[in-house]
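Each chain is listed here by its residues.
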Amino acid sequence: EIQNMEFKSLIGAMESNSINTIIAGMTKTKERQKSVDFSDSYYTSNQAIILKKDSKIKKLSQLEGKKVGVQEGTTGDLISSGDKFGDGKKAKVLVKGVIVKTDVKRYKKGVDAVMDLKNGAIDAVVIDEKPAQEFVKNNAKKLKLVVDSAGAEYYCIAITKGNTAYKEEINKQIKAIKKDGTYDKLKAKYIDSAN
């Protein structure tokens, strides 16, 4: 059974046993690992910055002091809020000097942040690369896209904490579809063709 939910409510739903798997472009973080277990990574993405055509911003570190729109609970939210990003000792702050209450505006949907950017209410939107490409493609006359590889992230499947057998089975299936070519076909159909 598939349930479509707000991204920020997914882990809470898992903790209350409403769901047992999250497959939603979720990045494994130390904070999330307190509540859920993660599969092996199945996809690598980057964070992207959506900007008005005339913006001079070229990387995440240039967002300091800007009004930034994000989708609540996503990696873009974490990065833009000045949290450390990355694995273990390599984790670092990518956007410094953020005053969260004034500089970061959170939206339930990425499209709402893009609308505010077009209307001039914010200076930038930080969001995963694939949805960013779609938003910019649909607004190519007004917006542009900057991809910052400093925001590379690895999508995993979140699983109910402690369900080792389920996690092992999911990892086994991820390896199997990568080995037999199914993964490449799905990626070509649903991700690469979105360009």
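Before reading further, recall that the structure is shown in the block above.
Residues numbered from 1 in each chain as written. Predicted model: local features only at pLDDT ≥ 70, side-chain atom pairs only at ≥ 80, totals over all residues. Heavy atoms only, no water.

Enquirer: Got a minute to help me understand the nonpolar core in this structure?
Expert: Burial of nonpolar side chains together is a common tendency in soluble globular proteins. Within the largest apolar cluster, 14 residues are counted, with the highest numbers of intra-cluster contacts made by Ile49, Leu51, Leu60, Leu63 and Val126. Contact partners of Leu63, with chain neighbours within four places excluded, come to Ile49, Ile57, Val68, Val95, Ala124 and Val126. In terms of nonpolar packing, the next biggest core, distinct from the first, is built from 13 residues, Ala113, Leu117, Ala132 and Leu143 among them. (Core = buried A, V, L, I, M, F, W, Y, C linked by side-chain atoms within 4.5 Å. Buried < 20%, exposed > 50% of the residue type's maximum accessible area, 1.4 Å probe, protein only. Contact = heavy atoms within 4.5 Å.)

Enquirer: Is there a simple way to explain the pattern of salt bridges in this structure?
Expert: Pairing between side chains of opposite charge can happen when the charged atoms of each approach one another. Scanning the entire structure with this criterion turns up eight salt bridges. Close ionic contact of Arg106 with Asp77 constitutes a salt bridge, the shortest N to O distance being 2.9 Å. Placement of Arg106 in strand E7 (residues 104-107) and of Asp77 in helix H3 (residues 75-80) is noted, with a sequence separation of 29 residues between them. We classify Asp77 as buried; its relative accessible area is 9%. Among the ionic contacts, a cluster of salt bridges with common partners joins Lys8, Glu72 and Lys108. (Salt bridge = Lys/Arg side-chain N within 4 Å of Asp/Glu carboxyl O. Helix = DSSP H or I, 4+ residues; strand = E, 2+ residues; numbered from the N terminus.)

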